[in-house]
Amino acid sequence: MPSKKGKDLNKLFNPKSIAILGVSRDEKKIGHIVLKNIVNSGFRGKIYPVNPNATTVEGMDCYADYNDLPEVPDLAILAIPAVVAVKILESIAKKGTKNIIIFSAGFKEAGPKGEKLEDNLRQTAKKYELNILGPNCLGFVSTLSSLNATFSQAGGVAGNLRFISQSGALASGIFDWASHHQVGFSEFITLGNKAILNENDILRYWLAQKDKQAGQNNLSGYRPIGMYLESIDAGEEFLKLVSKISFSDPVFILKPGKSKKAQQAIMSHTGSMAGDDAVQDVAFAEAGMIRCDGLEDMFDLAKIFSWVKAPNGPNVAIVSNAGGPAVISTDALEKEGLQMANLSSKTHKKLREKLPRAANILNPVDVLGDALADRYGEAVNDVLAEKGVDALLVILTPQVMTEIEATAEIIGRLAKKYGKPVVCSFIGGDLVDKGEAVLNSYKIPSFRFPERAIKALAKMWQWQVGVKSLKSKVKSPTKIKPLAKNVIAKINKMVEFAKKQNRKVMPVLEAGKILSLCGINTPKTAEVTNIDEARRFAKTHGWPVVLKVSSPELLHKTDKGGIMKDIDNTLKLELAWKKINQAVYKLPKKFSSTIIIEKQILKGLEVIAGVKNNASFGKVLMFGAGGVLTELIADKNLRLLPTDERGIGELIAKSKIYPLLKGFRGQKPRALKKLSEMVIRLASLAQANSKFSEIEINPIIVADKEAFAADARIILL
């Protein structure tokens, strides 16, 4: 149930009193476990166990019925079967409790019967304006409220990390990992089925809590947010909330479910190239959010964003006692979009004076395999003092003489002294465990493999770049001019007429008229039913002309012989007419097709631009190489709408075909300004009409001084 208005969740996550329904004397039952967890977490409020078959549990008085409670609890936790939970929900609401956690499984995830139960739950929640976490969730942990309201072992230190998980089982694994690595949470919230409260409600709540403390000292100063979501409700609202948070705090997400199923009735290149997963990548990036590549990546980002400030630049130095891992790390840096920092001659001189003659004083700095802690310290100190170093990676391999713990101690002190991001890779197993424990105590992120350390640093830098981009959009937006009202009215009239005829795809001529109404250049075009009509068209508009098969079901005209170009005289036209009719005859009988003739545009580069309506995030603009290159080089570049002129310029500039458009190796530049204007008008068209599922112009022919929409396809919802 996506929510539009903010809910008051303060009493849910900061309750003064809690009732637990389904408390059991059996220590293995969920109701007993959650009671002990609440007590052991140091919760300072009142606890009311509810069980009609017990008088005491864990030395606490039990109540037979919710209505017997001496006060209205701020929070009710339901550890009872799904059917019972739904039945008792109304009496809880009538008592006055607004905030509820439902652990019970057996709802929509269990099939039709469970789905009906969840519908009943929603109706009751709507009637009484209840805030329900779950059902089928693990609950939440808040070190801010000293409360473990889960049935999981969620201990460990308080910290600055906030987390949302749709999976309770995954949350249990994260709790154990965090405890082992001394990564602390402020709040960890599991959503389960998201029947009432979803990720947007939690993000809104956190936005309102921005003045809360970030946790103990030695942390990054951020209040990072990690998310594991299998689905996203109200995607456009979700992105707006994340964008606001990303200005000051990093947000990273693991979103599984990359679509492997074939697109349903792919009717345009835009539809196939702007698939759900590709759109999610773009949507997350535009909101300043980092997408995790997997669980390991998510764990790494949880640690590094909790403990370390993001680098102010991409320049990284490496200090290592092993040449091989340092070389591997150099490759990894470039691959991840970072750069090797250039050390100044002053730093080189310092290193030369302190390190053995055989040591490498260039970046990566090799302190050699026999380096003791002091030698590491001298190199790390001099490198961190270098202004051109934005971040440092320290690599250690356990040689016989290596002072692992002492080295970790020195790294920790120097990192604190200089305040620059420092990450470590202590490569090995049992031998480096104690060194890693020292690094953990200093909140220095350590990774067993240097590539992981570099990838985590790169994603921190990616977040910094994203934040700068977000801020620049806010400071100086360049809005796209909307279509005139009379133009929108004409387009809407054409669309309604097509819908009354039960058309899924606008006829080619109608699609061309719609583009022309928006100020987009289109070639002269007509539908022809015989060779005489084709001859008259050529006589009127001049040679050369193009013959095309137009069919809603036909996406790849070239493959089926459905397009004839370079027709510059009557004889060629007659031959092309025969061939195009043969192509029509070979099409499946279910295809409805016509033949179109149009004035051929002068030669130029072929590009594609299109808009697809995405169920989660709204309209998505796509641009890339067009014509026969559309799928060959997969030049797909996406951007969410609405955007501005600068955004469209950036979209075109990041395409693979952009160097050719700009003028590659002495070639003439193409009409980039005209192309940009066309894509802007396409975006305006998409934003003006909500009845379009997809709009595609392929190809757009970009000549030296002009751009033309040679073919258009408009698919209706």
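The shown structure was predicted, so the numbers you read here are calculated from the model rather than taken from an experiment. (Residues numbered from 1 in each chain as written. Predicted model: local features only at pLDDT ≥ 70, side-chain atom pairs only at ≥ 80, totals over all residues. Heavy atoms only, no water.)

Some thoughts on the overall build of the protein
Test applied: Only runs of H or I of at least four residues qualify as helices and only runs of E of at least two qualify as strands under DSSP, and these elements are numbered from the N terminus. When a residue's accessible area, from a 1.4 Å probe over protein chains only, is under 20% of the maximum for its type it is buried; when over 50% it is exposed; and in between it is partly exposed. In what follows, a contact means two residues having at least one pair of non-hydrogen atoms within 4.5 Å. Residue-level accessible areas treat just the shown protein chains as cover; the underlying method is Shrake-Rupley with a 1.4 Å probe. For the purpose of counting charges, residues Lys and Arg are taken to be positive, whereas Asp and Glu are taken to be negative. His and the chain ends are not included. Lys charges are placed at NZ, Arg charges at CZ, Asp charges at CG and Glu charges at CD.
For the protein, the helix and strand inventory stands at 24 helices and 29 strands. Out of the 717 residues in the protein, the part that is buried amounts to 55%. Contacts spanning at least 24 positions in sequence make up 72% of the contacts within the protein whose residues lie at least 6 apart. Approximately 32400 Å² of the protein is accessible, and the part contributed by carbon and sulfur atoms is 52%. In the protein, 102 side chains carry a positive charge and 74 a negative one; their mean positions are 7 Å apart.

So, the nonpolar core
Condition: Note on terminology: a nonpolar core comprises buried Ala, Val, Leu, Ile, Met, Phe, Trp, Tyr and Cys residues joined through side-chain atoms within 4.5 Å.
With 57 residues, the main nonpolar core has Ile101, Phe140, Leu203, Met227 and Phe238 as its most contacted residues. Ranked by size, the runner-up nonpolar core spans 50 residues in total, among them Trp177, Ala302, Ile304 and Trp461.

Remarks on the pairing of strand β15 (residues 315-320)
Filter applied, for reference: Here a strand pair is declared whenever DSSP counts at least two bridges between the two strands. Whether a crossover is right-handed comes down to one check: with the strands pointing away from the viewer, does the path from the first strand over the helix to the second run clockwise; if it does, it is right-handed.
Among the six residues in β15, five count as buried, and that is most of the element. Sheet analysis places β15 next to strand β16 (residues 339-340), joined by two bridges and oriented parallel. Bridge pairing in β16 links Asn315 to Gln339. A crossover connection joins β15 to the parallel β16 through helix α11 (residues 323-335); in handedness this β-α-β unit is right-handed. In terms of strand pairing, β15 meets strand β18 (residues 391-396) through five bridges, oriented parallel. Note on β18: the bridge partner recorded for Val316 is Ala391. Both β15 and strand β17 (residues 365-366) contribute to a ladder of two bridges, which runs parallel. Counted as the bridge partner of Val319 is Val365 from β17.

Regarding the packing of helix α14 (residues 404-418) against helix α15 (residues 430-441)
Rules: The axes used here are C-alpha line fits, helices contributing only the stretch in contact, and every angle between their N-to-C directions lies in the interval 0 to 180 degrees. Orientation is classified from the angle alone, with under 35 degrees giving roughly parallel, over 145 giving roughly antiparallel, 65 to 115 giving roughly perpendicular, and any other angle giving oblique. Note: crossing handedness is left-handed where the near helix turns anticlockwise from the far helix by less than a right angle, and right-handed where it turns clockwise. Gly is placed with the polar residues, together with every amino acid not listed as nonpolar (Ala, Val, Leu, Ile, Met, Phe, Trp, Tyr, Cys and Pro) or charged (Asp, Glu, Lys and Arg).
Their axes nearest at 8 Å, the elements α14 and α15 cross at an angle of 20 degrees. Classified by the interaxial angle, the pair formed by α14 and α15 is roughly parallel. Handedness of the α14/α15 crossing: right-handed. The residues of α15 that touch α14, namely those facing Ile404, Glu405, Ala408, Glu409 and Ile411, are Leu431, Val432, Lys434, Gly435, Val438 and Leu439. A per-class count over the contact of α14 with α15 returns seven nonpolar, one polar and three charged.

Re the packing of aromatic side chains
Quick reminder of the rule: Geometry of aromatic contacts follows a simple scheme: Phe, Tyr and Trp rings, the Trp one being its six-membered ring, pair when their centres are within 6.5 Å, and the pair is stacked under 30 degrees between planes, edge-to-face over 60, tilted otherwise. Definition used: whenever NZ (Lys) or CZ (Arg) falls within 6 Å of the ring centre and also within 35 degrees of the ring normal, the charge is taken to sit over that ring.
A full pass over the atoms with the stated rule returns 14 aromatic pairs. A ring pair is formed by Phe175 and Phe185, whose centres lie 6.2 Å apart and whose planes are at 90 degrees; its orientation type is edge-to-face. Taken as a pair, Phe175 in helix α5 (residues 168-181) and Phe185 in strand β11 (residues 185-190) lie far apart in primary sequence, ten residues in all. According to the relative accessible area criterion, Phe175 is buried, its value standing at 5%. In this structure an aromatic cluster arises from ring pairing among Phe163, Phe175, Phe185, Phe188, Tyr222, Phe252, Phe305 and Trp463. A cation over a ring is seen here: Lys303 above Phe447, with NZ or CZ 5.4 Å from the ring centre.

A word on the sheet that holds strand β6 (residues 99-102)
Read from one edge of the open sheet, five strands run β2-β1-β5-β6-β7, paired in parallel fashion. What marks the edges here is a single partner per strand, and that holds for β2 (46-50) and β7 (131-133). When the angles between neighbouring strand axes are averaged without regard to direction, this sheet yields 20 degrees. Direction of pairing for strand β1 (residues 17-21) relative to β2: parallel, over a ladder of five bridges.

Some remarks on the sheet that holds strand β12 (residues 225-228)
Read from one edge to the other, the open sheet built from seven strands follows the order β9-β8-β11-β10-β12-β13-β14, with strand pairing classed as mixed. Every interior strand has two partners, whereas the edge strands, β9 (147-150) and β14 (290-291), have only one. Seen against the sheet, helix α10 (residues 295-307) touches β10 (158-165), β12, β13 (251-254) and β14 and runs at an angle of roughly 165 degrees to β13.

Here's the deal with the pattern of salt bridges
Applicable threshold: The salt bridge criterion pairs a side-chain nitrogen of Lys or Arg with a carboxyl oxygen of Asp or Glu, the two atoms within 4 Å.
For the structure shown, the criterion picks out 35 salt bridges. Residue Arg291 is joined to Asp277 by a salt bridge in which the shortest nitrogen-to-oxygen separation is 2.8 Å. Taken together, the residues Arg291 in strand β14 and Asp277 in helix α9 (residues 276-286) connect sequence positions 14 residues apart. A salt bridge links Asp300 to Arg452, with the nearest nitrogen and oxygen atoms 2.6 Å apart. Of this pair, Asp300 sits in helix α10 while Arg452 sits in helix α16 (residues 450-475), and the two are 152 residues apart along the sequence. Relative accessible area serves as the criterion here: at 5%, Asp300 is assigned to the buried category. Where salt bridges share partners, they join Lys7, Asp201, Arg204 and Glu237 into one cluster.

Thoughts on the side chain of Ser684
Here Ser684 is to be found in helix α24 (residues 672-688). We classify Ser684 as buried; its relative accessible area is 7%. In contact with Ser684, not counting residues within four places along its chain, are Ile480, Lys481 and Leu483.

Description of helix α18 (residues 508-517)
The α-helix winds at 3.6 residues per turn, so residues separated by three or four positions along the chain end up facing the same way. Selection rule: Working definition: the arc comes from the directions between the helix axis and the C-beta atoms, pointing outward to the latter.
Those residues of α18 that sit buried are Ala511, Gly512, Ile514 and Leu515. One side of α18 carries all its buried residues, which in axial view fall inside an arc of 155 degrees. Buried residues belonging to α18 abut α17 (485-500), α24, β27 (692-702), β28 (707-709) and β29 (712-716). Just downstream of α18, Gly519 is the residue with a positive phi angle, here 85 degrees.

A few points about unusual backbone geometry
Geometrically, the link from Asn363 to Pro364 is a cis peptide bond, its omega value of 10 degrees lying close to zero. Looking at where Pro364 falls in the secondary structure, it is placed in the loop between α12 (345-354) and β17. A positive phi angle, close to 55 degrees, is found at Glu58, a residue other than glycine. Relative to the elements of secondary structure, Glu58 occurs in the loop between β3 (56-57) and β4 (60-61).

Remarks on the side chain of Thr407
Along the chain, the position of Thr407 falls in helix α14. By relative accessible area, Thr407 is classed as buried at 0%. Excluding anything up to four places from it in sequence, Thr407 contacts Ala373, Tyr376 and Leu396.

Considerations on the confidence of the model for the protein
For clarity, the cut-off: The predictor's confidence in any single residue is recorded as pLDDT, a number from 0 to 100.
Mean pLDDT over the protein works out to 91, with 94% of the residues at or above the 70 mark. Low pLDDT, under 50, characterises residues 260-267; the stretch is placed with eleven contacts to residues that sit more than four places away or in other chains.

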